[in-house]
Amino acid sequence: MEQQLKQLEQEALEKLQAATSLKELNEVRVAYLGKKGPITDLLKGMGKLSPEERPKMGALVNTVREYVTAELEKKAAVLEEQAIQEQLEKESVDVTLPGRKIKTGNRHPLTRVIEEIEDLFVSMGYEIAEGPEVEKDYYNFEALNLPKGHPARDMQDTFYITEETLLRTHTSPVQARTMELKKGEPIRIICPGKVFRRDNDDATHSHQFMQIEGLVIGENIHMSDLKGTLDALAKKMFGEEREIRLRPSFFPFTEPSVEVDVSCHKCGGSGCNVCKHTGWIEILGAGMVHPNVLEMAGYDSKKVSGFAFGIGAERIAMLKYGVDDIRHFYTNDNRFLSQFHRTEG
Ligand SMILES: [Zn+2]
């Protein structure tokens, strides 16, 4: 019986060493140490032994069983380690592979123009003011010297919600609201935002567009202040060597009113397609705030004066980036928008 036990031990050790996986190892465990295994059988057969032999054999069987169990555990640890290594090798990352490019997108060209203009004016001490896009007729027209029936209203036909409520045609109502709020205090704001007109969309017209208006009110505000401000704006947007010129014009809410041209950034003034061979490009309208507008907002037009200007963000972006159709800004075509990746600063 002792002989038999030694042989079993030898067999079990050989088989467990030969096992190449945890599954095979478990089969060895069941075969030799399991309830139906030969070692259990030997223990069961101990009843046939003499009382003197029994403890000796019992100890011997236990020693063998413990030894085989310990060896099984050692082997299991080795196999587990191997399995982990194999897994790691299979899943290892090849650091020499090029990375996957993450598409981050970029800012819309109109957003960029607006942010550039905002930066400039904030650096000059202006605040950025905002207001509702659905506006009262009063703030959009009346408070700006455009009473009901005024012919200049025809130039700014819009979408009406009710008789008295409409989609604003300019960001000027933000100026009217700010003046009302400040109650005679000095003002220095720009108002960027969406505005609406009942225009048929074509290459140069859109029923929705972005406007940036500026308003300064205080003592001793002169036309020369307006000119200096717009000169800084033109240089910021189109380059340091740009010049501006003012031409007389008409707006109901300013007096005098001017159209502002900037020297052509494409040809430098010698004449090209962009400037229609004049050397100048019209970029915005401006003027000194009309005394009626000041008085309606509670300012004393004898004591204070102010200037205002309005820029179309699309117009600036079209000139700056050479865009030939205003509709490109609103069709969300990635072929158009992705062109601005390269120049993103
Ligand atoms: Zn030109």
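All values reported here derive from a predicted model rather than from experimental measurement.

Asks: Describe the coordination of the zinc ion, listing the residues and the values that go with them.
Replies: Donor atoms from the polypeptide that bind the zinc ion are Cys264 (SG), Cys267 (SG), Cys272 (SG) and Cys275 (SG), placed at 2.2 to 2.3 Å. Taken together, the four donor atoms surrounding the zinc ion define angles of 104 to 114 degrees at the centre, an arrangement classified as tetrahedral. Counting residues between consecutive donors of the zinc ion along the chain gives the motif C-x2-C-x4-C-x2-C.

Asks: Tell me about the packing of helix H5 (residues 109–123) against helix H8 (residues 223–238), and name the residues and values.
Replies: It is at 11 Å that the axes of H5 and H8 come closest, and there the two elements cross at 135 degrees. Comparing their axes, H8 and H5 come out oblique. Two packed elements cross with a definite hand, and for H5 against H8 that hand is right-handed. Judged by residue contacts, Val113, Glu116, Ile117, Leu120 and Phe121 of H5 engage Thr229, Ala232, Leu233, Lys236 and Met237 from H8. For the contact of H5 with H8, the per-class residue count stands at seven nonpolar, one polar and two charged.

Asks: Lay out the domain arrangement of the protein in plain terms, naming residues and giving numbers.
Replies: Domain annotation for the protein reports domain 1 (2–90) and domain 2 (109–341). Measuring from the centre of the C-alpha atoms in domain 1 to the corresponding centre in domain 2 gives 91 Å.

Asks: Requested: an account of the packing of H5 against helix H10 (residues 313–321), with residues and values cited.
Replies: Relative to each other, H5 and H10 sit at 105 degrees, their axes nearing to 9 Å. When the axes of H5 and H10 are compared, the pair comes out roughly perpendicular. In this structure, H5 uses Pro109, Leu110, Arg112, Val113, Ile114 and Glu116 to contact H10, whose residues at the interface are Ala313, Glu314, Ile316, Ala317, Lys320 and Tyr321. For the contact of H5 with H10, the per-class residue count stands at eight nonpolar, no polar and four charged.

Asks: So what's going on with the nonpolar core? Residues and values would help.
Replies: The nonpolar side chains of a soluble globular protein tend to be buried, and buried together. Grouped together as the largest cluster of nonpolar side chains are 44 residues, with contacts concentrated most on Leu230, Leu233, Leu284 and Phe309. For this core, the elements supplying multiple residues, two or more each, are H5, strand S5 (208–218), H8, strand S7 (254–263), strand S8 (280–289), strand S9 (305–312), H10 and helix H11 (334–337). In this structure Leu233 touches Ile117, Leu120, Phe121, Leu284 and Ile311, once residues within four positions along its chain are discounted.

Asks: If you had to explain helix H4 (residues 53–91) to someone new, which residues and values would you point to?
Replies: Taking 1.5 Å per residue, 39 residues should reach 57 Å; H4 reaches 57 Å between its end C-alpha atoms and fits that length. Among all positions of H4, only Met57, Gly58, Val61, Val64, Val68, Glu71, Leu72, Lys75, Ala76 and Leu79 are buried. The secondary structure elements touched by the buried residues of H4 are helix H1 (2–18), helix H2 (22–33) and helix H3 (38–44).

Asks: Let's hear about the environment of Glu133: which residues, and what values?
Replies: By secondary structure assignment, the location of Glu133 is in the loop between strand S1 (127–128) and strand S2 (134–136). Classification of Glu133 by relative accessible area gives partly exposed; the value is 32%. Discounting residues that sit within four places of it in the chain, Glu133 has contacts with Leu166, Leu167, Arg168, Lys194 and Phe196.

Cut-offs applied
Residues numbered from 1 in each chain as written. Predicted model: local features only at pLDDT ≥ 70, side-chain atom pairs only at ≥ 80, totals over all residues. Heavy atoms only, no water. Donors = N, O, S within 2.8 Å, 3.2 Å for Na, K, Ca; no water. Tetrahedral: all angles 85-135°; square planar, octahedral: opposite > 155°, others 65-115°. Axes fitted to C-alpha atoms, helices over the stretch in contact; angles between N-to-C directions. Helix = DSSP H or I, 4+ residues; strand = E, 2+ residues; numbered from the N terminus. Parallel < 35°, antiparallel > 145°, perpendicular 65-115°, else oblique. Left-handed = near helix turned anticlockwise from the far one by under 90°. Contact = heavy atoms within 4.5 Å. Nonpolar A, V, L, I, M, F, W, Y, C, P; charged D, E, K, R; others polar. Domains from an automatic or database assignment. Core = buried A, V, L, I, M, F, W, Y, C linked by side-chain atoms within 4.5 Å. Buried < 20%, exposed > 50% of the residue type's maximum accessible area, 1.4 Å probe, protein only. Expected span 1.5 Å × (residues − 1).

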